[in-house]
2 protein chains.
Amino acid sequence: MKEYALISVQNKKNLSMICKIFKKNNVDIISTGGTYKAIKKLGFKVLKVSEITKFEEVLDGRVKTLHPKIHAGILFDRKKNNHQKTIAKKNIPTIEYLVVDLYDFKKTIKNTNDLEKCIENIDIGGHSLIRSAAKNYKYVNVLTDIKDYKKLNYELNLNNGKTSINFRKKLASKAFKSIYKYDLVISDWFNNNNNLLFKKLKYGENPHQKARLVSKKNNPILSFIKKIQGKEMSYNNINDTICAISCIKDLKKFATVFVKHANPCGAAQNNNILKAFDNALASDKQSAYGGVVIFNKSVNDQLAKKIKKIHLDIVIAPNFSKSALNILKNKKIIILILKKTNQKKELKSIPGGLIEQEVDKVVVKRKNLKCVTKYSSQNRLLDDMIFAYTIAKHVKSNAVVITKNFQVLGIGAGQMSRVDAIEIAMKKMTKNFAKNSSYVIASDGFLPFSDNINKLKKPGCKGIIQPGGSKNDSFIIKKANKYKIPMYFTGIRQFKH
Amino acid sequence: MKEYALISVQNKKNLSMICKIFKKNNVDIISTGGTYKAIKKLGFKVLKVSEITKFEEVLDGRVKTLHPKIHAGILFDRKKNNHQKTIAKKNIPTIEYLVVDLYDFKKTIKNTNDLEKCIENIDIGGHSLIRSAAKNYKYVNVLTDIKDYKKLNYELNLNNGKTSINFRKKLASKAFKSIYKYDLVISDWFNNNNNLLFKKLKYGENPHQKARLVSKKNNPILSFIKKIQGKEMSYNNINDTICAISCIKDLKKFATVFVKHANPCGAAQNNNILKAFDNALASDKQSAYGGVVIFNKSVNDQLAKKIKKIHLDIVIAPNFSKSALNILKNKKIIILILKKTNQKKELKSIPGGLIEQEVDKVVVKRKNLKCVTKYSSQNRLLDDMIFAYTIAKHVKSNAVVITKNFQVLGIGAGQMSRVDAIEIAMKKMTKNFAKNSSYVIASDGFLPFSDNINKLKKPGCKGIIQPGGSKNDSFIIKKANKYKIPMYFTGIRQFKH
């Protein structure tokens, strides 16, 4: 049975090579359009598709190869008698080789803004041929990549002018991959998806780590903030900003949070935004240096004057008054306007994959609090405990946060032992608020041992808030009762690592 | 001009509805195969495709619609005179509506393991029709989803039996999307990709957060470890395991690392693995409780006996002797064998996207160290400094690590202020190693102020290792010289958040 190769390529490079291969192996060539002319010009014998289909090229060549005789020549089952009979009876060529490439649609849409031209470029005929040939890889060789010409030659030499099923399957795998990729670009273009967007960052957490921003479909990069002023944001800037935003979103009234090394290092709520700022800064002025500050209300000029006085990398707020921006305009600081965000899931890489979890959106409320001691607290103190607990949620675990009147007095962050976190928070409070006599304390995980209570400065402690759930709870409650400290369980652990 | 609708659907639901819509709007129906029979049975007038193509169904229906008359009827440009003439001359039907669905290929490969059957199910004809119609959405309506029948009816009622260009474009967008998704499944199947694999976790960092494992193509889930014993791993277990693995990979000799809350809390290197274990445990026995322990060498029975004595969640090693496994078999502990990993990039979610960076693979070597003080150290102390610095790389920033003879004596983890990290590390050392007189200290970022040196226990300090690069470097060097402490700069900052 005579064997045929159908060739129709955009990329005419090495066309001579592939024609030679077919000639050497006694395979006749069928072609159409520009490829037909090029093969003729190279001096090879070539049949026109229309000579086979007897259907002349119409509609400016739109439907040249979309013909049952061509597709049957590719698709028929070489082992079925009825198929073979039809092929013989209808003079259908046995197409054993298909050489068709698809013009990169990305280039098309890059090179022109003309919608009609782009659409005209969507390949129908070649695309169908490739899928037919790939489907019937059991018999047919589908070459979609110029690089495979040489491999075909090698394969034919190796197997006495035949190809192996493995070779054909490989070609088909490649073909199906190129097909879906081609249509993905079209689909994204049609659906106004921009695929993923990438933006190089100067570097990652450290200068020797390359890094980039990746934005999901339909989302401009860093769409949750709008930069008003300042230098390019670094990886660590972005990381700190995320921490600041997630924390401020959980706070009420006028709130201020300072962030450093992806941990809150100062925070306060107040009816007066200036007081909230002063209090949050006073939490730990030393750590705030060079950090990020975030507000949940607009920055006015009075606040801007306060910001101007301290060294900070970034200031974030839902808005800034014109005069505030004017005050800050000569200061070396990044100014960000906080836009709406609604992140539902967070990912973390592990080797060979990811772990994905829901974002922790829980903010403890009064109704979650269960008094477990003989002594209870007034509502105002309960709210202060909730404030402390909310800040602790955003501090890396083990986290302990001490507050008074909605001002953070001490943070024990990222400790491997709960008691260390308590000691650190206590020490920070003593250092920065020597005169303070009363406070409440929050722990993001349960207190594991009753000696944790021993570490508290008594009688200053007016309340403990913690998830509860330790097997030692009863001992810890007993100890709290002994010192007459009201203790509340939230029942909701809030680790963050 | 007579309008036609070509219908060929797997899902025959609502077939009657769509036929009624066409009848009402004076659109003639063309169909083939099973759909033709079903429409006939429903009592609607319907033309056979072969009556138009005059090409009888051959090859068991493989090439029914792959005919230029059909595709021309879809693809021709209604505004071009030469196209219109061809259509009229060749008796080509003006196909204004295409109703074709693709059978879910995922279901095909799920329902059978018969390769031939799967391949037979790859749609060629319907697929081509959809792409032709979507391409020519300027004129043609392409319905690929049963849900769109009602919408079409609404649209036709609204516009006096016509559809709007926006409506048709929407249909085409949907069609192109379904096309690439269909071929993606085929391509992944052909290329042995399993797409993404998902595995539900009990919960995330906290019980109220849903979570799952996601594995990339070709990678089984958690392929970097093999579980030998123990309960299902939790999100936090996995997170701690990642930290432990990345740390142990950077260590030499026989090494042991304890991890808690995604931070190393104890570590040691020794020529004797039992001694390495004892030393690492002694770093901070309290924090190690309930944590993860990892080794870079096989666990023998002597080591297993030591592990058995302490409460740990997970033990990881490249291997375990049979007798070691036997010793641990009744202990409530997860046993993991560490397999090869080569993670190159790490991702972190931000609202609407990701930040991606190279994994920090740098481990500081002697050649990176630059002595900046009048006093220098012996090689053994240099290696101890490198050990401390390597552990600090894996502790959350700001991180400070104190070691002696390749044993961690104190870790200051996750602090917002460098001086706090130093104080915490010092305090931990004093608490756990009261009798110790000498040590070296590492900082993952530069020391920002010379008062950092004041916090060191002198004269015990035999060496400081830090990246350098502060504008205050000269003051810090001066202070180190004053106390006769050798100080080395690595030039390589190693933050981790």
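Residues numbered from 1 in each chain as written. Chains lettered and ligands numbered in written order. Predicted model: local features only at pLDDT ≥ 70, side-chain atom pairs only at ≥ 80, totals over all residues.

### Examining the overall build of chain A
Within chain A one finds 19 helices and 21 strands. Principal axes of the C-alpha set define a box for chain A whose edges measure 100 × 55 × 40 Å. Expressed as a percentage of its 497 residues, the buried residues of chain A come to 52%. By sequence separation, contacts in chain A at least 24 residues apart represent 54% of the contacts at least 6 residues apart. (Helix = DSSP H or I, 4+ residues; strand = E, 2+ residues; numbered from the N terminus. Buried ≥ 20, exposed ≤ 12 C-beta atoms within 10 Å, placed from the backbone. Contact = placed C-beta atoms within 7 Å.)

### Notes on helix α14 (residues 301-309) of chain B
Note: α-helices contain 3.6 residues per turn, so residues at a spacing of three or four share the same orientation. Residue and element names in this part refer to chain B. All buried positions along α14 are accounted for by Leu303, Ala304 and Ile307. Each buried residue of α14 lies within a common arc of 100° when the element is viewed along its axis, so the set occupies one face. The inward-facing, buried residues of α14 contact α12 (273-283), β11 (291-295), β12 (312-317) and α15 (322-328). (Arc of directions from axis to C-beta.)

### As for the packing of helix α8 (residues 125-135) of chain B against helix α10 (residues 165-190) of chain B
Helix packing geometry: the angle between the two helix axes and the distance between the axes. Residues and elements named next belong to chain B. Between α8 and α10, the shortest axis-to-axis distance is 9 Å and the interhelical angle comes to 145°. Our pair here, α8 against α10, has a crossing hand that is left-handed. Between α8 and α10, the contacting residues are His127, Ile130, Arg131 and Ala134 on the first element and Ala172, Ala175, Phe176 and Ile179 on the second. Of the residues in the contact of α8 with α10, the class split is 6 nonpolar, 1 polar and 1 charged. (Axes fitted to C-alpha atoms, helices over the stretch in contact; angles between N-to-C directions. Left-handed = near helix turned anticlockwise from the far one by under 90°. Nonpolar A, V, L, I, M, F, W, Y, C, P; charged D, E, K, R; others polar.)

### Side note on the domain arrangement of chain A
What the domain assignment lists for chain A is domain 1 (3-190), domain 2 (225-338) and domain 3 (360-489). Placing a centre on the C-alpha atoms of domain 1 of chain A and another on those of domain 2 of chain A gives a separation of 61 Å. (Domains from an automatic or database assignment.)

### Digging into the interface of chain A and chain B
On the chain B side, the residues contacting the 97 residues of chain A number 97 residues. Of all the elements, helix α10 (residues 165-190) of chain A adds the most residues to the side of chain A that touches chain B, at 11 residues. Considering only residue class, the side of chain A that touches chain B consists of 41 nonpolar, 36 polar and 20 charged.

### Focus: the nonpolar core
Counting 190 residues, the largest nonpolar core has Ala388(A), Val401(A), Ala388(B) and Val401(B) as its most contacted members. Counting 112 residues, the second largest nonpolar core, distinct from the first, contains Leu152(A), Phe22(B), Val46(B) and Phe176(B). (Core = buried A, V, L, I, M, F, W, Y, C linked by C-beta atoms within 7 Å.)

### Quick word on the pairing of strand β10 (residues 263-270) of chain B
Residue and element names in this part refer to chain B. Burial of β10 is extensive: 7 of the 8 residues sit out of reach of the surface. As judged from the 7 bridges shared by strand β9 (residues 254-260) and β10, these two strands associate in the antiparallel manner. By the bridge assignment for β10, Ala255 is matched with Gln269. The turn linking β9 back onto β10 is made up of 2 residues, and His261 within it adopts a positive phi angle of 50°. (Pairing = 2+ DSSP bridges.)

### Some words on the relation of the copies chain A and chain B
Mapping chain A onto chain B leaves a residual RMSD of 0.1 Å; the transformation is a rotation of 180° accompanied by 0.1 Å of translation along its axis. These values place the two chain copies in the arrangement generated by a two-fold rotation axis. The residues that chain A uses at the interface reappear at the interface of chain B in 100% of cases, marking a shared surface. (Least-squares fit on C-alpha atoms with pLDDT ≥ 70 in both.)

### Thoughts on helix α11 (residues 235-248) of chain B
Residue and element names in this part refer to chain B. Taking 1.5 Å per residue as the helical rise, α11 with its 14 residues ought to reach 20 Å, and the 20 Å between its terminal C-alpha atoms agrees with that figure. A large share of α11 lies buried, amounting to 12 of its 14 residues. Within α11 the residues assigned to the buried category are Tyr235, Asn236, Asn239, Asp240, Thr241, Ile242, Cys243, Ala244, Ile245, Ser246, Cys247 and Ile248. (Expected span 1.5 Å × (residues − 1).)

### Notes on the environment of Leu75(B)
Along the chain, the position of Leu75(B) falls in helix α4 (residues 68-75). C-alpha of Leu75(B) to C-alpha of Ile95(B): the two residues are 20 residues apart in sequence and 8.6 Å apart in space.

### Topic: the sheet that holds strand β2 (residues 28-31) of chain A
Residue and element names in this part refer to chain A. Judged by pairing direction, the sheet is parallel, and its 5 strands sit side by side in the order β3-β2-β1-β4-β5 without closing on themselves. Because the sheet does not close on itself, it has two edges, and the strands there are β3 (47-48) and β5 (141-143). Sheet analysis places strand β1 (residues 3-8) next to strand β4 (residues 94-100), joined by 6 bridges and oriented parallel. Counted as the bridge partner of Ser8 is Val100 from β4.

### Quick look at the sheet that holds strand β2 (residues 28-31) of chain B
Residues and elements named next belong to chain B. What the 5 strands build is an open sheet, ordered β3-β2-β1-β4-β5; its pairing is parallel. Of all the strands in the sheet, the pair left with one neighbour each is β3 (47-48) and β5 (141-143). Sitting on the sheet, α8 is in contact with β1 (3-8), β4 (94-100) and β5, with an inclination near 125° to β4.

### Quick word on the packing of helix α4 (residues 68-75) of chain A against helix α8 (residues 125-135) of chain A
Residues and elements named next belong to chain A. Where α4 contacts α8, the two axes come as close as 8 Å, and the packing angle between them is 25°. As the angle between them shows, α4 and α8 are arranged roughly parallel. Each of His71, Ile74 and Leu75 in α4 lies in contact with α8, whose residues at this interface are Leu129, Ser132, Ala133 and Lys135. Across the contact of α4 with α8, the residue classes break down as 4 nonpolar, 2 polar and 1 charged. (Parallel < 35°, antiparallel > 145°, perpendicular 65-115°, else oblique.)

### Quick word on the environment of Asp28(A)
All names here are of chain A. By the element assignment, Asp28 lies in strand β2. Given 17 C-beta atoms within a 10 Å radius, Asp28 is considered partly exposed. When the C-alpha positions of Asp28 and Asp60 are compared, they lie 26 Å apart, and in sequence the two are 32 residues distant. Contact partners of Asp28, with chain neighbours within four places excluded, come to Lys2, Tyr4 and Leu47.

### Re the pairing of strand β17 (residues 400-404) of chain B
Residues and elements named next belong to chain B. Counting buried positions along β17 yields 5 of 5 residues, so the element is predominantly enclosed. Sheet analysis places β17 next to strand β18 (residues 407-412), joined by 5 bridges and oriented antiparallel. Pairing of Thr403 across the sheet is with Val408, part of β18. With antiparallel pairing between neighbouring strands as the criterion, β17 and β18 make up a hairpin whose turn holds 2 residues, including Asn405 at a positive phi of roughly 50°. In the sheet, β17 pairs with strand β19 (residues 439-443) via 4 bridges, with the strands oriented antiparallel. Within β19, the position partnered with Ile402 by the bridge is Ile441.

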